[in-house]
Amino acid sequence: MQIPAIDPAKTALNYHHEADVEAHGVEHPDHRMLGVIVFLCAEGMIFFGMFAAYLIYRAMAPVWPPEGTPARELLLPGINTVILIASSFVIHNADTAIKKNDAAGMRNWLLVTIAMGAVFLFGQVYEYTHLEFGLTTNLYASCFYVLTAFHGLHVTLGVLLMVAVVWRSRAQGHYSSEHHFGIEATEIYWHFVDVIWIVLFLLLYIL
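Residue indices begin from 1 for each chain and proceed along its sequence in written order. Since the coordinates come from a predicted model, pLDDT governs what is reported: local features require at least 70, and pairs of side-chain atoms require 80 or more to be given and counted, while whole-chain, interface and lining totals use all residues. Side-chain metrics rest on all non-hydrogen atoms present in the structure, leaving aside hydrogens and water.

Caption draft 1: Looking closely at helix α5 (residues 139-168). Numbering of helices and strands starts at the N terminus; helices are DSSP runs of H or I of at least 4 residues and strands are runs of E of at least 2. Here a helix's expected span is defined as the number of its residues, less one, multiplied by 1.5 Å. For α5, which comprises 30 residues, the first-to-last C-alpha distance of 44 Å matches the rise-based estimate of 44 Å (1.5 Å per residue) to within 8%. In protein, a polar contact requires one atom able to donate a hydrogen and another able to accept it; more generally it is a pair of N or O atoms within 3.5 Å, and residues adjacent in sequence count only if both atoms are side-chain atoms. With a side-chain oxygen positioned 3.1 Å from the backbone nitrogen of Tyr140, the residue opening α5 is Asn138.

What follows is the structure in structure tokens.
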């Protein structure tokens with residue numbers, strides 16, 4: 001009969017976990033997802049403050065955008081918006097795949113999401129290089145650059161998180177149907193980024 005191989009690292013972790021449970025009488029709950037939610041609430045408050053400032057500026061200005069501000073193009077931002085919204089459905093497929101122990105499928109869906117995020121960022125940079133106003137042109141221009149750049153920073157962080165998940169998934173069994181917190185946290189963060197962009201798009205381009 002073949003004796004299964006024993007992972008010393010897992011054995012040590014299980015030993016310490018069981019010893020901790022025995023010492024305290026209860027198993028410690030996993031608060032990592034709560035930490036993610038608290039972090040996103042904090043980030044949401046920052047964006048809320050920026051949105052509120054923008055709306056106050058707009059309400060107080062006699063004309064908005066200020067006179068002389070070039071007309072905004074909607075084609076590229078609209079395409080970017082569709083790409084970012086669609087990427088939320090794509091990354092959800094990655095989470096669905098890993099819950100079926102399909103690590104290869106999870107990686108493939110994440111790679112597609114990474115590509116979509118990169119396309120969004122490239123589109124944003126392209127838009128910056130072709131805008132007819134700069135950061136200090138007027139109050140609208142300043143709000144536009146600050147809001148979109150701050151959001152772009154969050155998109156960049158989301159792409160890097162997905163790259164990290166794909167990199168770590170190279171280890172056999174690192175993610176599975178029972179252990180996939182990193183993927184779930186990244187998905188929730190990406191949904192947050194998408195929702196923020198929808199609000200930004202409406203405020204800056206539509207309303």
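Caption draft 2: Region of the structure containing the packing of helix α3 (residues 75-98) against helix α6 (residues 181-206). The angle between two axes is taken between their N-to-C directions and runs from 0 to 180 degrees, where each axis is a line fitted to C-alpha atoms and a helix contributes only its stretch in contact. For the pair α3 and α6, the least separation of the axes is 10 Å and the interaxial angle reads 165°. What the angle tells us is that α3 and α6 run roughly antiparallel. Where α3 crosses over α6, the two elements pack in a sense that is left-handed. Here Pro77, Gly78, Thr81, Leu84, Ile85, Ser87, Ser88, Ile91, His92, Asp95 and Ile98 of α3 lie close against α6, whose contacting residues are Ile183, Glu184, Thr186, Glu187, Trp190, His191, Val193, Asp194, Trp197, Ile198, Phe201 and Tyr205. Gly is put with the polar residues, along with every residue not named as nonpolar or charged; the nonpolar set is Ala, Val, Leu, Ile, Met, Phe, Trp, Tyr, Cys and Pro, and the charged set is Asp, Glu, Lys and Arg. Looking at side-chain class alone, the contact of α3 with α6 contains 12 nonpolar, seven polar and four charged residues. With respect to orientation, any angle under 35 degrees is reported as roughly parallel, any angle over 145 as roughly antiparallel, any angle of 65 to 115 as roughly perpendicular, and every other angle as oblique. Rotating anticlockwise by less than a right angle from the far helix to the near helix defines a left-handed crossing, while the corresponding clockwise rotation defines a right-handed one. Contacts between residues were defined by any pair of non-hydrogen atoms, one from each residue, lying within 4.5 Å.

Caption draft 3: Region of the structure containing the packing of aromatic side chains. Here is the rule: rings of Phe, Tyr and Trp (six-membered ring for Trp) pair when centre to centre is within 6.5 Å. Planes less than 30 degrees apart are stacked, more than 60 are edge-to-face, and the remainder are tilted. The tally for this structure, following the rule as stated, stands at 15 aromatic pairs. Ring plane angle 75° and centroid distance 5.8 Å describe the contact between Phe144 and Tyr205, whose orientation is recorded as edge-to-face. Of the two residues, Phe144 is situated in helix α5 and Tyr205 in helix α6; the sequence distance between them amounts to 61 residues. The rule is simple: take the accessible area with a 1.4 Å probe, protein chains only, and divide by the maximum for that residue type; under 20% is buried, over 50% is exposed, in between is partly exposed. Taking the relative accessible area as the measure of exposure, Phe144 reaches 1% and is therefore buried. An aromatic cluster is present here, built from Tyr54, Trp64, Phe120, Tyr128, Phe133, Tyr140, Phe144, Tyr145, Trp197, Phe201 and Tyr205 joined pairwise through their rings. For a lysine, the NZ atom is tested; for an arginine, the CZ atom; a charge sits over a ring if that atom is within 6 Å of the ring centre and within 35 degrees of the ring normal. Between Arg32 and the ring centre of Phe181, over which it is positioned, the NZ or CZ distance is 4.3 Å.

Caption draft 4: Layout of the environment of His151. Mapped onto the secondary structure, His151 falls in helix α5. Spatially, the C-alpha atoms of His151 and Asp194 are 9.5 Å apart, while their sequence positions differ by 43 residues. Other than its neighbours up to four places away in sequence, His151 contacts Phe47, Leu84, Phe120, Val193, Ile196, Trp197 and Leu200.

Caption draft 5: Spatial organisation of the packing of helix α4 (residues 103-130) against α6. Two numbers describe how α4 lies on α6: the axes approach to 13 Å, and their chain directions differ by 30°. For the element pair α4 / α6, the angle class is roughly parallel. When the axes of α4 and α6 are compared, the crossing they make is left-handed. Counting all contacts with α4, which are made through Met106, Thr113, Gly117, Phe120, Gln124 and Glu127, the residues of α6 involved are Ile183, Trp190, Trp197 and Tyr205. Classifying every residue of the contact of α4 with α6 gives six nonpolar, three polar and one charged.

Caption draft 6: Seen up close, the pattern of salt bridges. A pair is scored as a salt bridge if a Lys or Arg side-chain nitrogen falls within 4 Å of a carboxyl oxygen belonging to Asp or Glu. With the rule as written, the count across this model stands at two salt bridges. Among the ionic pairs, Asp95 bridges to Lys99, the shortest N-O distance being 3.1 Å. Looking at Asp95, the relative accessible area reads 3%, which means it is buried. By relative accessible area, which is 40% here, Lys99 ends up partly exposed. Here the salt bridges share partners, and the residues they tie into one network are Asp95, Lys99 and Glu184.

Caption draft 7: Structural view of the nonpolar core. Counting 43 residues, the largest nonpolar core has Tyr54, Met106, Leu110 and Leu204 as the members making the most contacts within it. Listed by contribution, the elements that provide at least two residues to this core are α2 (32-60), α3, α4, α5 and α6. For this core, the element with the highest residue contribution is α6, accounting for 13 residues. What we call a nonpolar core is a set of buried Ala, Val, Leu, Ile, Met, Phe, Trp, Tyr and Cys residues that are connected through their side-chain atoms within 4.5 Å.

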